[in-house]
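# Notes for the structure review
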Amino acid sequence: MNKDTIISDAIEYVNKLFQGNSDGHGADHTMRVYHNAKAIIEGYPEADSFVVLLSALLHDADDHKLFNTENNMNARSFMEQNEIPSETIEQICCIINSVSFSQNRGKSPATTEGKIVQDADRLDAIGAIGIARTFAYGGKVGRPLSDSVQHFYDKLLLLKDELNTDAAKEIAQKRHKYMLDFLEEYYLESGGIRACHEGL
């Protein structure tokens, strides 16, 4: 099993899988999560880098918002075609299933690999890129601006305190502040009432 070749093939696979997607969950998001994971894992030499990176690349391959699949079918299909050992497939699927914020609120993955991938994904939901993705998705589903702004309070501003790794926490500080500054400017420009940011 040539791990480097599988990673390269996985990048090609997700680019095809998400072709035409423009709601903030496409291949560009996946590649940012992949690069976040590469950066975080440098501080965790004990972690299996192949498992982390492949999990990052496949983490949205069966996202319920995009695909009508069950039991990680797209991710499993890719891994089985590349003859990845069954125990590794199960490990990666377990990590993939631990990423979703809505389904894993307040839960930290049991493994270092899972913690890294969860953090890598959540970092892409905050800061400037998180703001852009929020409004891209809101536009696609017809969500009014007020609902997209509410999403900051329902999810984005909570992520900083739910990260697992020191590297991710450090990156999150600046991104979190950027979102608070954006919201302050948004309320100023829109003439709305400034929300209370204490504790966020």
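For the structure, see preceding data.
Residues numbered from 1 in each chain as written. Predicted model: local features only at pLDDT ≥ 70, side-chain atom pairs only at ≥ 80, totals over all residues. Heavy atoms only, no water.

### A closer look at the overall build of the protein
The condition is simple: Secondary structure elements are taken from DSSP: a helix is a run of H or I of four residues or more, a strand is a run of E of two residues or more, and numbering for both begins at the N terminus. Atoms counted for the radius of gyration: C-alpha only. Globule rule: 2.2 Å times residue count to the power 0.38. Residue contacts follow a heavy-atom distance rule, with two residues in contact if any of their heavy atoms lie within 4.5 Å. Methods summary: accessible areas were calculated by the Shrake-Rupley approach with a probe of 1.4 Å, and residue burial reflects only the protein chains presented. We count Lys and Arg on the positive side and Asp and Glu on the negative side, and we leave His and both chain ends out. The atom standing in for a charge is NZ when the residue is Lys, CZ when it is Arg, CG when it is Asp and CD when it is Glu.
What the protein contains, in helices and strands, is 9 helices and 0 strands. Reading the protein from its N end, one meets helices and strands in the order α-α-α-α-α-α-α-α-α. The globule rule puts the C-alpha radius of gyration for 200 residues at 16 Å, and the 17 Å found for the protein is close to it. By its C-alpha atoms, the protein is 60 × 35 × 25 Å across when sized along the principal axes. Across the protein, every contact between residues at least 6 apart in sequence was considered, and the portion connecting residues at least 24 apart equals 64%. In the structure as shown, the protein presents an accessible area of about 10,200 Å², 49% of it carried by carbon and sulfur atoms. Averaging the positions of the 20 positive and the 31 negative side-chain charges in the protein gives two centres separated by 4 Å.

### Description of the nonpolar core
Where we set the bar: Nonpolar core, defined: a set of buried Ala, Val, Leu, Ile, Met, Phe, Trp, Tyr and Cys residues in which side-chain atoms within 4.5 Å join the residues together. Exposure is judged per residue with a 1.4 Å probe applied to protein chains only, and the accessible area is read against the type maximum: over 50% gives exposed, under 20% gives buried, and values in between give partly exposed.
Ranked by internal contacts, the top residues of the largest apolar core, which has 55 residues, are Leu54, Leu58, Met79, Ile116 and Phe152. Those residues in contact with Met79 that lie beyond four places of it in its chain are Leu54, Leu58, Ile84, Ile89, Ile92 and Cys93.

### Remarks on the packing of aromatic side chains
Threshold: Between rings of Phe, Tyr and Trp, where Trp is taken as its six-membered ring, a pair exists when centres lie within 6.5 Å; planes separated by under 30 degrees are stacked, by over 60 edge-to-face, and by other angles tilted.
Evaluation of the coordinates by the stated rule reveals 7 aromatic pairs. Centroid distance Phe18 to Phe67: 5.7 Å. Interplanar angle 55°. Geometry classified as tilted. With Phe18 in the loop between α1 (3-17) and α2 (27-41) and Phe67 in the loop between α3 (49-58) and α4 (73-81), the pair connects residues that are 49 residues apart, well separated along the chain. According to the relative accessible area criterion, Phe18 is buried, its value standing at 4%.

### A word on the pattern of salt bridges
As a reminder of what qualifies: When a carboxyl oxygen of Asp or Glu lies within 4 Å of a side-chain nitrogen of Lys or Arg, that pair is called a salt bridge.
On inspection of all chains with the given rule, the structure shows 8 salt bridges. Because the salt bridges share partners, they merge into one network encompassing Asp28, Arg32, Asp124 and Arg133.

### Details of the environment of Leu123
Secondary-structure assignment places Leu123 in helix α6 (residues 112-123). Judged by its relative accessible area of 1%, Leu123 is buried. When the C-alpha atoms of Leu123 and Ile171 are compared, they prove to be 7.8 Å apart, with 48 residues separating the residues in sequence. Every residue in contact with Leu123, bar those within four places of it in the chain, is listed here: Asn36, Ile40, Ile129, Leu163, Ala168, Ile171, Ala172 and Arg175.

### A word on the layout of surface pockets
The condition is simple: Put plainly, a pocket is an open set of points on a 1 Å grid over the protein atoms alone with protein on both sides within 12 Å along at least five of seven lines, a cavity is a set where a 1.4 Å probe fits but cannot get out, and a lining residue has an atom within 4 Å of a point. Grid points are joined across faces, edges and corners, and a volume is the space filled by probe spheres set on the points. Note that Gly is not counted as nonpolar here; it falls among the polar residues with everything else outside the nonpolar set of Ala, Val, Leu, Ile, Met, Phe, Trp, Tyr, Cys and Pro and the charged set of Asp, Glu, Lys and Arg.
Taken as a whole, the largest pocket encloses approximately 780 Å³ of empty space. Taken together, 34 residues make up the lining of the largest pocket; nearest its centre are Asp63, His64, Lys65, Ser100 and Phe101. The element best represented in the lining of the largest pocket is helix α7 (residues 127-141), accounting for 4 residues. Residues of the lining of the largest pocket, tallied by class, amount to 9 nonpolar, 14 polar and 11 charged.

### Some thoughts on the side chain of Lys160
Our working rule: Polar contacts here mean pairs of N or O atoms no more than 3.5 Å apart (in protein, one a potential hydrogen donor and the other a potential acceptor; neighbouring residues in sequence count only if both atoms are side-chain atoms).
The residue Lys160 is located in the loop between α8 (145-154) and α9 (166-190) in this model. Taking relative accessible area as the criterion, Lys160 reaches 17% and is therefore assigned buried. Among the polar contacts made by the side chain of Lys160, one reaches the side chain of Asp161 at a distance of 3.0 Å. Contact partners of Lys160, with chain neighbours within four places excluded, come to Ala172, Gln173 and His176.

### So, unusual backbone geometry
Of note, Asn72 is a non-glycine position whose phi angle comes to about 55°, a positive value. Mapped onto the elements, Asn72 comes out in the loop between α3 and α4. Judged by relative accessible area, Asn72 falls into the buried class, the value being 8%. If you check the backbone angles, Glu83 has positive phi at about 55° while not being a glycine.

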